[in-house]
Amino acid sequence: MQISLKGKIAVVTGGSRGIGRAIATTLAAAGATVVVNYQRNAAAAEETVAAITAADGAAISMQADVSAAEEVERLFKTVIERYGTVDILVNNAGITRDTLLLRMKEDDFDAVIDTNLRGVYLCTKAALRPMTKARSGRIINITSVVGLIGNAGQSNYAAAKAGIIGFTRAVAREMASRNITVNAVAPGYIETELTAGLGDQVRTAILEAIPLGRLGTPQDVANLVCFLASDAAAYITGQTLTVDGGMVMS
Ligand code: NDP
C-alpha cells in the first residue's frame, strides 16, 4: 500500500518542532502541501519548512496562538485565501505545566487547558468550514496515554488530553455523514526535548513499563498520523490509537 497525499492541503499545529515537525515532514513527503503552524519560535518553523523544501516538498510557516480565537481565525483565513481549502488538520500543539495538584496554580491549569483543549476546539471548528463544503476531510488530534491512564503531577495535562478523546468521539459522530473522519493518536513516551531531560533512574523505570523496550520516536507517531490522513483510513473514525510500545493495552 502506497500512501499519496498529492494535492492535499494539511495544517499541522505546533508543526515546527518535535513530534509536529516529524508529522509535517512526513505528510509533505507523501505529497501534501503543509502549513507549519507555530507560536513563538519562528526559526524552528523555518527550519522545518527548509527541510521539507530541500526534499522537494511544499510547505509554509504560519504563526498563530491556537488558544486565541482571533489568531486561529486569521490562520485559517490566510490558508483558505492562499490554498482554497483545508483537507487535513493535525491538532498537535501542546504544552505542559507539571506539578502536583495541591501546588497547581490556576494559571498552570488554565494555560494547559487553553492550548491543549481549547486550541483543538478552535482549530477544528475553523477547519470544518471548508471540510463540510468539500464533504471530505481528515482531523487527527494528538492526545497522550496520560489522557487514558493519568499521571501524577499532570492533572491539568491529563484532563486536557482526556477531553480531546471525548471531543474526538463527539465530532466524529457529528461529521461522519459529511465524509469527515476524526481520530486521536495517543503517544506514550517519545524521544523529544521534553523527554531528553529525564534522569537515568526515571528513564530506566519508564523502559521497564514499555514491552517493546524503547522510547518511541517522533517518526513512530508521524507514520500513524500519515496513514490516518490518507484514503486508506477512510473507514476509521472516532478512534484513539496508542503509539506507545505496548505500554497501555486495553
Ligand atoms: P514540543 O514542545 O517539542 O513542541 C510543541 C509545539 O507546539 C511547538 O511547535 C510549539 O511552537 C507549539 N505550540 C505550543 N503552544 C502553542 C500555541 N499556543 N499555539 C501554537 N503552537 C503552539 O512538543 P512535543 O513534540 O513533545 O509534543 C507534541 C504533541 O504531542 C503535544 O500535543 C504533546 O502533548 C503530545 N505528546 C508528546 C509526548 C512526548 O513524549 N513528547 C507524549 C504524548 C503526547 P513554538 O515553539 O513556536 O512555541
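Residues numbered from 1 in each chain as written. Predicted model: local features only at pLDDT ≥ 70, side-chain atom pairs only at ≥ 80, totals over all residues.

Where an unreviewed UniProt entry is consulted, the protein chain appears under the name 3-oxoacyl-[acyl-carrier-protein] reductase, with the organism given as Roseiflexus castenholzii. UniProt lists a comment for the protein chain under the heading Sequence similarities (unreviewed entry), and it reads "Belongs to the short-chain dehydrogenases/reductases (SDR) family." Quoted verbatim from the Catalytic activity (unreviewed entry) field of the UniProt record, the comment on the protein chain reads "a (3R)-hydroxyacyl-[ACP] + NADP(+) = a 3-oxoacyl-[ACP] + NADPH + H(+)". (UniProt positions renumbered as here; feature names shortened; annotations may be inferred.)

Trainee: What is the right way to read the environment of I88 from this model?
Mentor: Structurally, I88 is set in strand β4 (residues 88-91). Setting aside residues no more than four positions away along its own chain, I88 makes contact with K8, A10, L27, A32, R138 and A229. (Helix = DSSP H or I, 4+ residues; strand = E, 2+ residues; numbered from the N terminus. Contact = placed C-beta atoms within 7 Å.)

Trainee: Honestly, the site of the ligand in this entry has me stumped. Any pointers?
Mentor: Looking at the ligand, there are 31 residues lining it, with G14, G18, I19, Y38 and G94 nearest. For the shell around the ligand, a count of residues per class yields 11 nonpolar, 16 polar and 4 charged. (Near = placed C-beta within 6 Å. Nonpolar A, V, L, I, M, F, W, Y, C, P; charged D, E, K, R; others polar.)

Trainee: Sorry if this is basic, but what is going on with the sheet that holds strand β1 (residues 9-12) here?
Mentor: Note: strands within a sheet are paired through backbone hydrogen bonds, in either parallel or antiparallel orientation. In spatial order, the strands read β3-β2-β1-β4-β5-β6-β7; together these 7 strands make up an open sheet with parallel pairing. Pairing within the sheet leaves two strands with one partner each, and these edge strands are β3 (58-63) and β7 (240-243). Neighbour-to-neighbour, the strand axes of the sheet open up by a mean angle of 20 degrees, direction not taken into account. In terms of strand pairing, β1 meets β4 through 3 bridges, oriented parallel. Bridge assignment links V11 to a residue of β4, and that residue is L89. (Pairing = 2+ DSSP bridges. Axes fitted to C-alpha atoms, helices over the stretch in contact; angles between N-to-C directions.)

Trainee: I'm lost on the UniProt feature "domain: Ketoreductase" (unreviewed entry) in the protein chain in this one. Help?
Mentor: Mapped onto the present numbering, the UniProt feature "domain: Ketoreductase" (unreviewed entry) falls on residues 8-193. Secondary structure content for residues 8-193 is 51% helix and 18% strand, while the C-alpha to C-alpha distance between its ends is 30 Å.

Trainee: Honestly, the packing of helix α1 (residues 18-29) against helix α9 (residues 218-229) in this entry has me stumped. Any pointers?
Mentor: The axes of two packed helices give the description: the angle between them and the distance between them. Running from amino to carboxyl end, α1 crosses α9 at an angle of 45 degrees, the nearest separation of the two axes being 8 Å. The angle between the axes of α1 and α9 places the two elements in the oblique class. Relative to α9, the crossing made by α1 is right-handed. Only P218, Q219, V221, A222, N223, V225, C226 and A229 of α9 make contact with α1, whose side of the interface consists of G18, I19, R21, A22, I23, T26 and L27. (Parallel < 35°, antiparallel > 145°, perpendicular 65-115°, else oblique. Left-handed = near helix turned anticlockwise from the far one by under 90°.)

Trainee: Whenever I open this one, the packing of α1 against helix α2 (residues 42-54) confuses me. Can you help?
Mentor: Close contact between α1 and α2 brings their axes to 10 Å; oriented N to C, the two are set at 25 degrees. Comparing the axis directions of α1 and α2 gives the class roughly parallel. The two elements α1 and α2 meet at a crossing, and its hand is right-handed. Within the contact between the two elements, α1 uses R21, A24, T25 and A28 and α2 uses T48, A51 and I52. Residue classes in the contact of α1 with α2 are distributed as 4 nonpolar, 2 polar and 1 charged.

Trainee: Before we go on, may I ask you to explain the nonpolar core in this structure?
Mentor: In a soluble, globular protein the nonpolar side chains are often hidden away together inside. Counting residues in hydrophobic clusters, the biggest one holds 68 residues, and the most contacted among them are A10, V12, L27, V34, A127 and V225. Per element, the largest residue contribution to this core is 9 residues, and it comes from helix α4 (residues 106-134). Beyond its immediate stretch of four places on either side in the chain, A127 contacts V11, F76, V86, L89 and I139. (Core = buried A, V, L, I, M, F, W, Y, C linked by C-beta atoms within 7 Å. Buried ≥ 20, exposed ≤ 12 C-beta atoms within 10 Å, placed from the backbone.)

Trainee: What's the story with unusual backbone geometry in this structure? I'm lost.
Mentor: In most cases, non-glycine residues show a negative phi, while peptide bonds are predominantly trans. The backbone phi angle of R135 is positive, close to 50 degrees, even though this residue is not glycine. Along the chain, R135 turns up in the loop between α4 and β5 (137-142). Positive phi values are uncommon outside glycine, yet N179 reaches one of about 65 degrees. With respect to the element layout, N179 can be found in the loop between α6 (155-175) and β6 (180-187).

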